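# Summary of structural features
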Amino acid sequence: MKNVIGVRFKRPGKIYFFDPGEIQVNKKDFVIVETAMGEEYAEVVIENKEIDEEKLANPLKPVIRVATEEDKKHNEENEEKAKKAYDIAVKTIKKHNLDMNLVDTEYKFDNSKLLFYFTADGRIDFRDLVKELASIFKTRIELRQIGVRDQVKRIGGNGICGRQLCCCSFLGNFETVSIKMAKEQNLSLTPSKISGNCGRLMCCLKYEHEVYEDKLSRLPKNGAIVKTDEGEGVVDSIETLKEKIRVKFKDKDGFYYKKYSANEIEIVKDVEENNNLNLDKESLKELKELERLEKMDEKDNQDDI
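Residues numbered from 1 in each chain as written. Predicted model: local features only at pLDDT ≥ 70, side-chain atom pairs only at ≥ 80, totals over all residues. Heavy atoms only, no water.

## A look at the overall build of the protein chain
In plain terms, the rule: A run of H or I in DSSP becomes a helix once it reaches four residues, and a run of E becomes a strand once it reaches two; helices and strands are each numbered from the N terminus. Radius of gyration means the value over C-alpha atoms here, while the globule rule gives 2.2 Å times the residue count to the 0.38 power. The buried label applies to any residue whose accessible area, calculated with a 1.4 Å probe on protein chains only, is under 20% of its type's maximum; exposed applies above 50%, and partly exposed to all values in between. Residue-level accessible areas treat just the shown protein chains as cover; the underlying method is Shrake-Rupley with a 1.4 Å probe.
For the protein chain, the helix and strand inventory stands at eight helices and 13 strands. Here the C-alpha atoms of the protein chain give a radius of gyration of 26 Å, more than 25% beyond the 19 Å that 2.2 N^0.38 yields for 305 residues. C-alpha atoms of the protein chain, sized along the principal axes, occupy 85 × 55 × 30 Å. Expressed as a percentage of its 305 residues, the buried residues of the protein chain come to 35%. Counting only carbon and sulfur atoms, one obtains 47% of the accessible surface of the protein chain, whose full area is about 19500 Å².

## Structural notes on empty space enclosed by the protein
For the record, the criterion: Using only the protein atoms, space was sampled on a 1 Å grid; points where a 1.4 Å probe fits but cannot get out form cavities, open sets with protein on both sides within 12 Å along at least five of seven lines form pockets, and lining residues are those with an atom within 4 Å of a point. Grid points are joined across faces, edges and corners, and a volume is the space filled by probe spheres set on the points.
Counted under the stated rule, the structure contains one cavity of 30 Å³ or more. Every residue along the wall of the largest cavity is listed here: L171, N173, F174, E175, C203, K206 and Y207.

## A few points about the sheet that holds strand β2 (residues 16-18)
Two orientations exist for strands paired in a sheet by backbone hydrogen bonds: parallel and antiparallel. This is how the line gets drawn: Strands qualify as paired when DSSP identifies two bridges or more between them. With axes taken as lines fitted to C-alpha atoms, and helix axes fitted only over the stretch in contact, angles between N-to-C directions fall between 0 and 180 degrees. What makes two residues a contact is simply this: any of their non-hydrogen atoms within 4.5 Å.
Spatially, five strands are ordered β2-β1-β4-β3-β5 in an open sheet, and the strand pairing comes out antiparallel. The open sheet terminates on both sides in strands that have one partner only, identified here as β2 and β5 (63-66). Averaged over all adjacent pairs, the angle separating strand axes in this sheet is 45 degrees, with direction ignored. With three bridges connecting them, strand β3 (residues 30-35) and β5 associate as antiparallel partners. Residue pairing in the sheet places V33 in a bridge with V63 of β5. With respect to the sheet, helix α1 (residues 69-95) is in contact with β3, β4 (38-51) and β5, its orientation differing from that of β4 by roughly 125 degrees.

## A closer look at the pattern of salt bridges
To keep it simple, the criterion reads: Salt bridge, as used here, is a side-chain nitrogen of Lys or Arg placed within 4 Å of a carboxyl oxygen of Asp or Glu.
Scanning all chains against the criterion turns up 21 salt bridges. Of the charged contacts in the structure, one is a salt bridge between R127 and D125, with a shortest N-O distance of 2.9 Å. Judged by its relative accessible area of 60%, R127 falls in the exposed class. Note on D125: relative accessible area 49%, which makes it partly exposed. Between E239 and K259 there is a salt bridge, and its shortest N-O distance comes to 2.4 Å. Taken together, the positions of E239 in strand β10 (residues 231-239) and K259 in strand β12 (residues 254-261) put the pair 20 residues apart, joining distant regions of the chain. When its relative accessible area of 51% is taken as the criterion, K259 is described as exposed. If you follow the salt bridges from partner to partner, you end up with D214, K215, R218 and E243 in one network.

## Observations concerning helix α2 (residues 127-137)
Here is the rule we go by: This arc is taken over the directions from the axis of the helix to the C-beta atoms.
Along α2, the residues classified as buried are L129, L133 and F137. The arc enclosing the buried residues of α2, seen along the axis, measures out at 50 degrees, which places them on a common side. Exposed and oriented more than 90 degrees from the buried face of α2 are R127, D128 and K131. Where α2 is buried, its residues contact α1, β6 (101-107), β7 (113-119) and β8 (140-145).

## Brief notes about the confidence of the model for the protein chain
Keep this limit in mind: The predictor's confidence in any single residue is recorded as pLDDT, a number from 0 to 100.
Summary statistics for the protein chain give a mean pLDDT of 88 and a share of 94% for residues scoring 70 or more. Across the protein chain, the element-wise mean pLDDT spans from 68 in helix α8 (residues 281-304) up to 96 in α1.

## Digging into the packing of aromatic side chains
The condition is simple: We call Phe, Tyr and Trp rings a pair once their centres come within 6.5 Å, taking the six-membered ring for Trp, and we label the pair stacked below 30 degrees between planes, edge-to-face above 60, and tilted otherwise. To sit over a ring, a charge needs its Lys NZ or Arg CZ within 6 Å of the ring centre and within 35 degrees of the ring normal.
Under the counting rule described, the total for this entry stands at nine aromatic pairs. Here the aromatic rings of Y41 and F109 are separated by 6.0 Å at their centres, their planes lie at 15 degrees, and the arrangement is stacked. Taken as a pair, Y41 in strand β4 and F109 in the loop between β6 and β7 lie far apart in primary sequence, 68 residues in all. Each member of the pair, Y41 together with F109, is buried. Aromatic side chains F170 and Y207 sit 6.4 Å apart centroid to centroid with 45 degrees between the ring planes, which places their arrangement in the tilted category. Of this pair, F170 sits in the loop between α4 (166-169) and α5 (179-184) while Y207 sits in the loop between α6 (191-194) and α7 (209-216), and the two are 37 residues apart along the sequence. Exposure remark for F170: the relative accessible area of 49% places this residue in the partly exposed category. Residue class for Y207 comes out partly exposed when judged on its relative accessible area of 41%. Put simply, the rings of F9, Y16 and F18 pair up and form one aromatic cluster. Across from the ring centre of F174, 5.5 Å away, lies the NZ or CZ of K153, which sits over that ring. Sitting over the face of the ring of Y257, R246 holds its NZ or CZ atom 4.2 Å from the ring centroid.

What follows is the structure, encoded as structure tokens:
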């Protein structure tokens, strides 16, 4: 077993494990840790705990010390310097007439590097920009192109639910979401209703996906022929979470409907999944563009890994 702690460099953000050695820490303490990019200032989110070493992918880097008042002051100074660097960089980008949008700036704790995060529609030749920024700030400069999801995560905001965006409050990693998830949850497929502030599919579509997938694997599809205590009928609609099925029957007077639990019916003949989205041309075009952008983002994430 290995003694570890979990820390986070940004809030919210991914949790990383470090080796605290003999150091004991409490949640919400701040520590200085050793990383591949030098010393970093981080917040403790998981206190000292024992973990099976086999579950740790790589040897852990050490915790150097619990952050002192001097460390905290230095980190605050870096944050102030980063804000000023942002304003200077915006003017410099405009001067070089580059089609890029600066999102955030960050000084490494030891001041060995100044990072600029930006978005752009394509590749940007920023070599001259880097040279000028290096001459202004007298340190190593790194420009990182990020996606629109990361941009909104850094900017912040509220979702259509009225709450703070998931990516700004607790979501550490972005997971792949798809239009199929929205369809399985019987949501409106109007692009504006299933897209977040970033213009991509809402991350919350993923939260209940496994539950819907499990339930749908046991339920018939709309249009399936099922056997009930009333005889054979056709599935008219499904309440997925409740596992309730409304069945349409025909008699001499026309049609009538009755609801059943999933365990009260027997599937006689299921149907192929209906991929008809029933949208107007403009919405269908927007939905296909949204799907294309999702695939591009997924490919970019795989390339980063």
